[in-house]
Amino acid sequence: MDVTFISERITELRLARNVSEYQMSLELGQSKGYIQGITSGKCLPSAKQLFNIADYFHLTVAEFFDDGKHDSPVVLEAIQALRRLSDDDALLILELIHRIAQPDMMAATAGFNEHRQRTSKR
């Protein structure tokens, strides 16, 4: 990882979220040119601000630095929300995802029902 990683990662995440540097700076409680200073390579965020930036994108700092992680902010927010659900509620969401993503809705429903029967017997 080189010194431009942080600025490039912020730009990637910011553009995926359709947020300007100015808007992000203000939403982080910083001066209007704060993010522009980072993305231009003029400065680096403090450790505390790096945590705030990662949190702004609904990421952990580890996820922020995972350069293989290229999920959109919406997908990342959905993942965070799923982590807060009970197993039963997460299974309902998973069924919905399968119904939307798979052309054969019957196969998705059958797999879900089998899993639900196995877990309900516990």
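First, a word on scope: everything that follows refers to the structure included in this document. In this text the structure is predicted, and so the values were computed from the model without any measurement. (Residues numbered from 1 in each chain as written. Predicted model: local features only at pLDDT ≥ 70, side-chain atom pairs only at ≥ 80, totals over all residues. Heavy atoms only, no water.)

**A few points about the overall build of the chain**
Part 1: When its secondary structure is counted, the chain shows eight helices and zero strands.
Part 2: Start at the N end of the chain and walk to the C end: the helices and strands fall as α-α-α-α-α-α-α-α.
Part 3: The buried share among the 122 residues of the chain stands at 29%.
Part 4: Contacts in the chain between residues far apart in sequence, at least 24 positions, make up 45% of those at least 6 positions apart.
Part 5: Accessible surface for the chain amounts to roughly 8100 Å². Of this, 56% is attributable to carbon and sulfur atoms. (Helix = DSSP H or I, 4+ residues; strand = E, 2+ residues; numbered from the N terminus. Buried < 20%, exposed > 50% of the residue type's maximum accessible area, 1.4 Å probe, protein only. Contact = heavy atoms within 4.5 Å. Areas by Shrake-Rupley, 256 points an atom, 1.4 Å probe, with all protein chains shown as cover.)

**Thoughts on the side chain of Thr39**
Part 1: Along the chain, Thr39 falls in helix α3 (residues 34–39).
Part 2: Judged by its relative accessible area of 17%, Thr39 falls in the buried class.
Part 3: At 2.6 Å, the side chain of Thr39 and the side chain of Glu21 are in polar contact.
Part 4: Not counting chain neighbours up to four residues away, the residues in contact with Thr39 comprise Ser7, Ile10, Thr11 and Glu21. (Polar contact = N/O pair within 3.5 Å; in protein donor to acceptor, adjacent residues only side chain to side chain.)

**Describing the pattern of salt bridges**
Pairing between side chains of opposite charge can happen when the charged atoms of each approach one another.
Part 1: Evaluation of the coordinates by the stated rule reveals four salt bridges.
Part 2: The salt bridge involving Glu63 is made with Arg83; its shortest N-O contact spans 3.8 Å. Pair noted here: Glu63 is in helix α5 (residues 61–65) and Arg83 is in helix α6 (residues 73–83), with a separation of 20 residues, a long-range link.
Part 3: Assessed through its relative accessible area of 14%, Glu63 is described here as buried.
Part 4: Since its relative accessible area comes to 55%, Arg83 is described here as exposed. (Salt bridge = Lys/Arg side-chain N within 4 Å of Asp/Glu carboxyl O.)

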